[in-house]
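Coordinate inspection notes
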Amino acid sequence: MTDHAHALETSTGLDSRKLAIWTFIGSECMFFATLISNYLVHKGKSLVGPFAHEAWTDPATGQVMEPIIEIPLVTVGTALLLFSSLFIVLALYGAQKGNRKMLLGWLAATLFCGMFFVGMQVYEFTHFVHKGLTLSRNMFGASFFILTGFHGTHVTIGVIWLLTMFVLALKGKLTPNRSLNLEMAALYWHFVDVVWVVIFPVVYLIR
Amino acid sequence: MATTALDQPHAHAAHAEKTGLWSWITTVDHKRIGILYGATAFFFFLLGGLEALIIRIQLARPDNNFISPETYNQLFTMHGTTMIFLAIMPLSSMLFNYLIPLQIGARDVAFPRLNAFSYWVFLLGGLFLNAGFLFGAAPDTGWYGYANLTSRQFSPGHNVDFWNMGLQVLGVASLAAAVNFFVTIVNMRAPGMTMMRMPMFVWMSFITQVLLLLAFPVIAVALILLMFDRFFGTHYFIPAGGGDPLLWQHFFWVFGHPEVYILILPAFGVVSEVLPAFSRKPLFGYAAMVFSGVFIAFLGFGVWSHHMFTTGMGPIADTFFSLSTMLIAIPTGVKIFNWLGTMWFGSLQFRTPMYFAVGFIAMFIIGGLSGVMHSSPPADLQQNDTYFIVAHFHYVLFGGSIFALTAGAYYWWPKMFGRMLDEGLGKVHFWLMLLGFNLTFFPMHFVGLNGMPRRTYTYPAELGFTLLNQIETVGSLLLGLSFLVFLINIFRTSRKPRNAPADPWNGATLEWAIPSPPPEWNFDRLPVVDGRDPLWEEKRKNGGRLPEPVAGTGAGIHLPNPSYWPAVTAVGVAALFVGIMMSPKWGPWGIVVSVALLFFGLYSWLFEKGYSEFRTPSHGGH
């Protein structure tokens, strides 16, 4: 009986839930646009180090310190996050075709990438704090942590969402006629990836 | 006729009317949620009005000390914040909720429980914002909260936090509602209801949702940055740490200017429904009305710095924002001429809603003209931060939004409650409001140009502002009186029998085809639309007014089940911000517990039994 609320044909033919995710993503674009603007506006406005790309002198010890950003580790995280977009497409394909092995396998791969990324970020943040970069230290710290932190929060929410989908898939509840639930999570996941494609060069690559 | 699955006969019994407090807490019916929005917003409107009256009493005499400067700051801050976020926006939400599904021929919004969630978050956000009064720490930095007035250094108390966190909670409500209404309008239209056949109210509401979706994330980030400045030691808006206070102004007005159109576009929609009904003519220039609305919304994102001419942005920025601001006069003018064109040669019927709609046009023109005046930077340098600005935005927000919303209240009251408001008292309300409004705000143009500053708790007698301020205070009391008349009208109407006809005004839109008040399922059979003004078309085919609709039983119509999880999740959202605010005292535990509650509510909601959101039905089943 409960099926019928959604058996309604919609005006566009698109499921309302899918349209809602797209709408939400449109709104999220402005959220990240504002955070990225905040980062760019404060770029180069730090009064003391550590800096992202330049060496700096520690005023307490007079020592010259290395620039703080370490690109290789983040590049690995970035690559995995980008690959996870492919993996979730394959997982969704598995869900739509009713291929349980494919669904679970690629979903696990996606989750691994997502968790690696979050773990990478946790390591990076602790490492930076260790080196003296905090929210209150300088403008780079403030705008770096808030931009990448909010992105990381989005990845974390995505991981929780995909974990929920994984549990449902394990229970056999992610059948082809319910695959839209995974598709919605996938749309969100792609969005979070695309945002990182902008953040990574803005923060790590452009000097 | 529409053969959707909803119309399939099933073993559903007829729907009994649900009553009692619990039924309101768990309701997912868009009409009930609309009434909840309306009642809450009207309460906050009266509260904000009371704050304004205290301000006017303080200003009735020079060098007055009826209230302290500190209290004065709290009152003007809370008056502005309340009227914008807790009165006009939710009064529009009341109409979105009640009317959008009815006007597009749907049984409910796309996500009924998300709709309930929006309301509960809004209510808690409104209470949060006002809770500051209980602790003697109401927000006191203006509705715009300019940096670095809001920094820990200059605002050590919790005043700014109540404002910041309250607005963040309200933002969650607005965004959830905007997603919901956007999807509803795009996806839930009755067969034949193409975009260019939608009633103008739905169109203006649609544009408003787009503005909400794109403008609210900006203020959300700005408020989060401010929160980090105050709680976690960053210096985004603090120059001593390398930050930039002007950045706050940019962020705030990138949101703040679209917000102005969020407040006025629904009002445009209401007037575009009321005027044709009482002119007995279709809306003049329908397509021009749609596209001028779209154009206003588009330009609304490119004019924010006209709020900042006095910050010294340089000639290029000043010129750009001055020109883009002047451009807005064009689509707005199109709208005004189209309203006049609608009335032109119509058989005008001066019922109460029409009074307010015509009053709206006149008052809004005055506010629009003063708006074009300060689109010119040199003029703005004189007018900025004076009562001239106060006069301007009250002419567009009160003379515009509130006049139109009041027109809407009188127009749709019989549909919502099944009772006609009293015409005589309605007209008394109108004349008192028009007189009181103009006495209050017209003199502000003069004292403003003569240099009386805004947001200042008193003025010396020698400046010669006394007489005009006294007139303003008398006007404001009349304005208060006019709403007392409205309250009496509501009270007296509520004691009359529920006998309003389905179509008291001979309306053109679908909501007038169903009984007043509508049954829970709205339409016994979903309508099929083949043009604009579908009900007029049907009446024309029928050769006159339609017979009074027979009340159906609703048997066989599936309705979403009541649910309390949206309310639980809403409590989680509000608790999160209480937790952040109290984190210096409680540590992270308030945040942890509220996030746990939030997730508990959310998961219980997503996996609630009896709901189908988790399942995609196969279309072949029917």
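In this text the structure is predicted, and so the values were computed from the model without any measurement. (Residues numbered from 1 in each chain as written. Chains lettered and ligands numbered in written order. Predicted model: local features only at pLDDT ≥ 70, side-chain atom pairs only at ≥ 80, totals over all residues.)

Notes on the overall build of chain B
Applicable threshold: Here a strand is any run of E in DSSP of at least two residues, a helix any run of H or I of at least four, and the numbering for each starts at the N terminus. As a reference, a globule follows 2.2 Å times the number of residues to the power 0.38, and the radius of gyration itself is taken over C-alpha atoms. Working definition of burial: number of other C-beta atoms within 10 Å of the residue's own, with buried at 20 or more, exposed at 12 or fewer, and partly exposed in between, all C-beta atoms being placed from the backbone. Working definition of a contact: two residues with C-beta atoms, positioned from the backbone, lying within 7 Å.
For chain B, the helix and strand inventory stands at 18 helices and zero strands. Computed over the C-alpha atoms, the radius of gyration of chain B is 25 Å, within 12% of the 25 Å expected from 2.2 N^0.38 for a compact globule of 622 residues. Within the span of chain B, comprising 622 residues, buried residues form 54% of the whole. Long-range pairs, those at least 24 residues apart, make up 84% of the contacts in chain B between residues at least 6 apart in sequence.

Details of the overall build of chain A
The number of helices and strands found in chain A is six helices and two strands. When its helices and strands are written in sequence order, chain A yields α-α-β-β-α-α-α-α. For chain A, the spread of C-alpha atoms along the principal axes amounts to about 75 × 35 × 25 Å. In chain A, buried positions account for 38% of the 207 residues. Contacts spanning at least 24 positions in sequence make up 71% of the contacts within chain A whose residues lie at least 6 apart.

Some words on the nonpolar core
This is how the line gets drawn: Any set of buried Ala, Val, Leu, Ile, Met, Phe, Trp, Tyr and Cys residues joined through C-beta atoms within 7 Å is what this text calls a nonpolar core.
Counting 231 residues, the largest nonpolar core has B:Val121, B:Val169, B:Ala222, B:Val271, B:Val274, B:Ala357 and B:Ala407 as the members making the most contacts within it. The element contributing the most residues to this core is helix α6 (residues 200-231) of chain B, with 23 residues.

Side note on the packing of helix α2 (residues 30-58) of chain B against helix α14 (residues 466-494) of chain B
Residues and elements named next belong to chain B. Rule in force here: Only the stretch in contact is used when fitting a helix axis, every axis being a line fitted to C-alpha atoms; angles between N-to-C directions are given from 0 to 180 degrees. Put simply, angles under 35 degrees are roughly parallel, angles over 145 are roughly antiparallel, angles from 65 to 115 are roughly perpendicular, and the rest are oblique. If you view the pair so one helix is near and one far, a crossing is left-handed when the near helix is turned anticlockwise from the far one by less than a right angle, and right-handed when it is turned clockwise. In this count, Pro and Cys sit with the nonpolar residues alongside Ala, Val, Leu, Ile, Met, Phe, Trp and Tyr, while Asp, Glu, Lys and Arg are called charged and the others, Gly among them, polar.
Remark: α2 packs on α14, axes separated minimally by 9 Å, with the N-to-C direction vectors making an angle of 155 degrees. Classed by the angle they form, the pair α2 and α14 counts as roughly antiparallel. As α2 packs across α14, the resulting crossing turns out to be left-handed. Two secondary-structure elements touch here, α2 through Gly49, Ala52, Leu53, Arg56 and Ile57 and α14 through Glu472, Thr473, Ser476, Gly480 and Phe483. Of the residues belonging to the contact of α2 with α14, the class tally is four nonpolar, four polar and two charged.

Concerning α6(B)
Because an α-helix completes one turn every 3.6 residues, residues spaced three or four positions apart along the sequence face the same direction. Residues and elements named next belong to chain B. Spelled out, the test is: Given a helix with a known number of residues, its expected span is that number minus one, times 1.5 Å. Fitting one axis to the seven residues ending at a residue and another to the seven starting there, the bend at that residue is the angle between the two axes.
The end-to-end C-alpha separation of α6 is 45 Å, in line with the 46 Å expected for 32 residues at 1.5 Å each. Ala215 marks where α6 bends most, by close to 30 degrees; the proline Pro217 follows one to four residues later. α6 sits mainly inside the fold: 29 of its 32 residues count as buried.

A word on the packing of helix α4 (residues 100-130) of chain A against helix α5 (residues 139-170) of chain A
All names here are of chain A. As a packed pair, α4 and α5 sit with axes 9 Å apart at the nearest point and diverge in direction by 155 degrees. By the angle between their axes, α4 is roughly antiparallel relative to α5. Relative to α5, α4 is oriented so that their crossing is left-handed. Of the residues in α5, those in contact with Leu103, Leu104, Leu107, Thr110, Leu111, Gly114, Met115, Phe117, Val118 and Gln121 of α4 are Thr148, Gly152, Val155, Thr156, Gly158, Val159, Leu162, Leu163, Met165, Phe166 and Ala169. Here the contact of α4 with α5 is built from residues that sort into 14 nonpolar, seven polar and no charged.

Quick notes on unusual backbone geometry
Note that the residue after A:Gly49, namely A:Pro50, is joined by a cis bond; omega there is 0 degrees. Along the chain, B:Ser516 connects to B:Pro517 via a cis peptide bond; the corresponding omega equals -15 degrees. Take B:Pro517: it is sitting in the loop between α14 and α15 (534-542). A positive phi is found at B:Arg280, a non-glycine position, where the angle reads about 55 degrees.

Section: the environment of B:Val260
Residue and element names in this part refer to chain B. Within the secondary structure layout, Val260 lies in helix α7 (residues 245-279). Looking at Val260, the number of C-beta atoms within 10 Å reads 24, which means it is buried. Sequence separation between Val260 and Leu397 is 137 residues; the distance between their C-alpha atoms is 8.5 Å.

Let's talk about the confidence of the model for chain B
Low pLDDT means the predicted atomic positions in that stretch should not be read closely. Residue and element names in this part refer to chain B. Condition: Per-residue confidence from the predictor is reported as pLDDT, a score between 0 and 100.
When the pLDDT values of chain B are averaged, the result is 92; 95% of them are 70 or greater. Low confidence marks residues 1-12, where pLDDT is under 50. Its contacts with residues over four positions away, or in another chain, come to 31 contacts. Overall, residues 613-622 carries pLDDT values under 50, and its contacts beyond four positions in sequence, including any with other chains, amount to 18 contacts. As scored by the predictor, the complex reaches a pTM of 0.94 and an ipTM of 0.94.

Describing helix α16 (residues 565-581) of chain B
With 17 residues, α16(B) extends 25 Å from end C-alpha to end C-alpha; this agrees with the ideal 24 Å at 1.5 Å per step. Within α16(B), 14 of the 17 residues are buried, leaving the element largely enclosed by the surrounding structure.

Concerning the environment of B:Arg455
By the secondary structure assignment, B:Arg455 is in the loop between α13 (423-449) and α14. A residue is classified by how many C-beta atoms lie within 10 Å of it, and B:Arg455, with 12 of them, is exposed.

What to know about the environment of B:Val160
Residue and element names in this part refer to chain B. Among the secondary structure elements, Val160 is positioned in helix α5 (residues 159-187). The exposure class of Val160 is buried, given the 26 C-beta atoms found within 10 Å. With sequence-adjacent residues up to four places away left out, Val160 is seen in contact with Pro139, Thr141, Gly145, Thr150, Ser155 and Arg230.

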